[in-house]
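The lines below spell out each chain.
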Amino acid sequence: MKILISGTPGSGKTTLCKKVYEQFKDRINISGVITEEERVSGKRVGFKIKKLGSKDWVWLANIWGPGARFGKYYIFLKNINKMIEWIEEVEKNSDLLIIDEYGPMELMNPNFKRKIIDLIESDKNIILTAHRKRYRELLEREELILIWLTPLNRKEGFERIKEIIKREFNL
């Protein structure tokens, strides 16, 4: 089972990943990483990579740096390697792996793209979110179930993923 979630910014991709994790963490071995916005006084100042099921996190990018420049942000390329390490720590023992997000910041580290392609081509069950401008390149590689998320279909997207997981794992 390979699910690819994409959609416009603010459509709820990361929230959906967190909901899936919470829904199934006590029923199957589910793990992975998510990328969340960090806000200070209501203003977005960066993005954190968080390991699901733990308090571990590292900066993906922030406005203070140092790092490789990407718009108003500085990308911490070494922390993307940490993200890959976390994925590799849990992938062997996971029934389902969640990875949020295959996006332009993460792809500044070529090791990340290689890891994602390897996972797609493996027999691993994955849920992967992808930036709205990057998801097509993944569809060319493998037969994936694409869920295009919008603010209007969030609930339906979650319900569809729940049904796919229940079917896949006989829950």
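Each value, and the rule that gives it
Each residue is numbered by its place in its chain's sequence as written, counting from 1. Under the rules for a predicted model, residues below a pLDDT of 70 receive no local features and side-chain atom pairs below 80 are neither given nor counted, while totals for whole chains, interfaces and linings still include all residues. Here the side-chain values reflect all heavy atoms present in the structure, with hydrogen atoms and water set aside. Definitions used throughout: a 1 Å grid over protein atoms alone; a cavity as a set of points that fits a 1.4 Å probe which cannot get out; a pocket as an open set with protein on both sides within 12 Å along at least five of seven lines; a lining residue as one with an atom within 4 Å of a point. Grid points are joined across faces, edges and corners, and a volume is the space filled by probe spheres set on the points. Each helix is a run of DSSP H or I of at least 4 residues and each strand a run of E of at least 2, with the numbering of both proceeding from the N terminus. Asp, Glu, Lys and Arg are counted as charged, while Ala, Val, Leu, Ile, Met, Phe, Trp, Tyr, Cys and Pro are counted as nonpolar; the rest, among them Gly, fall into the polar class. Between the first and last residue of a helix there are one fewer steps than residues, each counted as 1.5 Å, and that sum is the expected span. For every residue, the accessible area (1.4 Å probe, protein chains only) is compared with the maximum for its type, and the residue is labelled buried under 20%, exposed over 50%, or partly exposed between those bounds. An arc is given here, and it is the one of the directions from the helix axis to the C-beta atoms. Only heavy atoms matter for contacts: two residues are in contact if any of them lie within 4.5 Å across the pair. The rule for pairing is simple: two strands pair if DSSP sees at least two bridges between them. Residue-level confidence of the predictor, termed pLDDT, takes values from 0 up to 100. The angle between two axes is taken between their N-to-C directions and runs from 0 to 180 degrees, where each axis is a line fitted to C-alpha atoms and a helix contributes only its stretch in contact.

A.B. asks: What is the right way to look at the layout of surface pockets in this model?
C.D. replies: Gaps left between atoms show up when a probe the size of a water molecule is rolled over them. Considering only enclosed or pocket space, the largest pocket measures out at about 810 Å³ in volume. Along the wall of the largest pocket there are 32 residues; nearest its centre are Gly10, Lys13, Thr14, Glu37 and Glu101. Residue assignment for the lining of the largest pocket shows that the elements contributing at least two residues are α1 (13-24), β2 (30-40), β3 (43-51), β7 (96-102) and α5 (154-168). For the lining of the largest pocket, the class distribution of residues is eleven nonpolar, nine polar and twelve charged. Considering only enclosed or pocket space, the second largest pocket measures out at about 160 Å³ in volume. If you trace the second largest pocket, you find 13 residues lining it, with Ile34, Lys51, Leu52, Gly53 and Ser54 closest to the centre. Counting residues per element, the lining of the second largest pocket draws most heavily on α1, which supplies three residues. Residue composition of the lining of the second largest pocket, grouped by class: four nonpolar, two polar and seven charged.

A.B. asks: How should I be thinking about helix α2 (residues 77-91) in this particular structure?
C.D. replies: Within an α-helix, residues lying three or four positions from one another point in the same direction, as the helix has 3.6 residues per turn. Here α2 is 15 residues long and its end C-alpha atoms lie 21 Å apart, about the 21 Å a rise of 1.5 Å per residue gives. The complete set of buried residues in α2 reads Asn79, Ile80, Met83, Ile84, Trp86, Ile87, Val90 and Glu91. Looking down the long axis of α2, one finds its buried residues gathered within 160° of arc, a one-sided arrangement. Elements that come into contact with the buried residues of α2 comprise β2, β3, β4 (57-62), β6 (73-75), β7 and α3 (110-121).

A.B. asks: Mind showing me how you'd approach the pairing of β3 here?
C.D. replies: One face of the sheet, then the other: side chains in a regular strand alternate in exactly this way. Pairing of β2 with β3, which is carried by eight bridges, proceeds in the antiparallel orientation. Pairing of valine 33 across the sheet is with lysine 51, part of β3. The turn joining β2 and β3, which pair antiparallel and follow one another in sequence, is formed by two residues; a positive phi near 50° is taken by serine 41. By the bridge criterion, five bridges tie β3 to β4 in an arrangement that is antiparallel. Directly across from lysine 50, in β4, lies its bridge partner tryptophan 57. The turn linking β3 back onto β4 is made up of five residues, and glycine 53 within it adopts a positive phi angle of 80°.

A.B. asks: Can you walk me through the confidence of the model for the protein in this structure?
C.D. replies: Per-residue pLDDT for the protein averages 94, and the proportion of residues at 70 or more is 99%. Looking across the protein, the model is least confident in helix α4 (residues 135-139), with a mean pLDDT of 78, and most confident in β4, with 98.

A.B. asks: Would you explain the sheet that holds β2 in this entry?
C.D. replies: The strands that make up a sheet are held in pairs by hydrogen bonds between backbone atoms, and each pair lies either parallel or antiparallel. Taken in spatial order, the nine strands make up an open sheet running β5-β6-β4-β3-β2-β7-β8-β1-β9, and their pairing is mixed. Looking at strand neighbours, the two that pair on one side only are β5 (68-70) and β9 (145-149), the edges of this open sheet. Across the sheet, the axes of successive neighbouring strands diverge by a mean angle of 30°, strand direction being ignored. Lying on the sheet, α2 is in contact with β2, β3, β4, β5, β6 and β7; it crosses β3 at an angle near 35°. Contacts from α5 reach β1 (2-7), β7, β8 (126-130) and β9, with the element oriented near 160° to β9.

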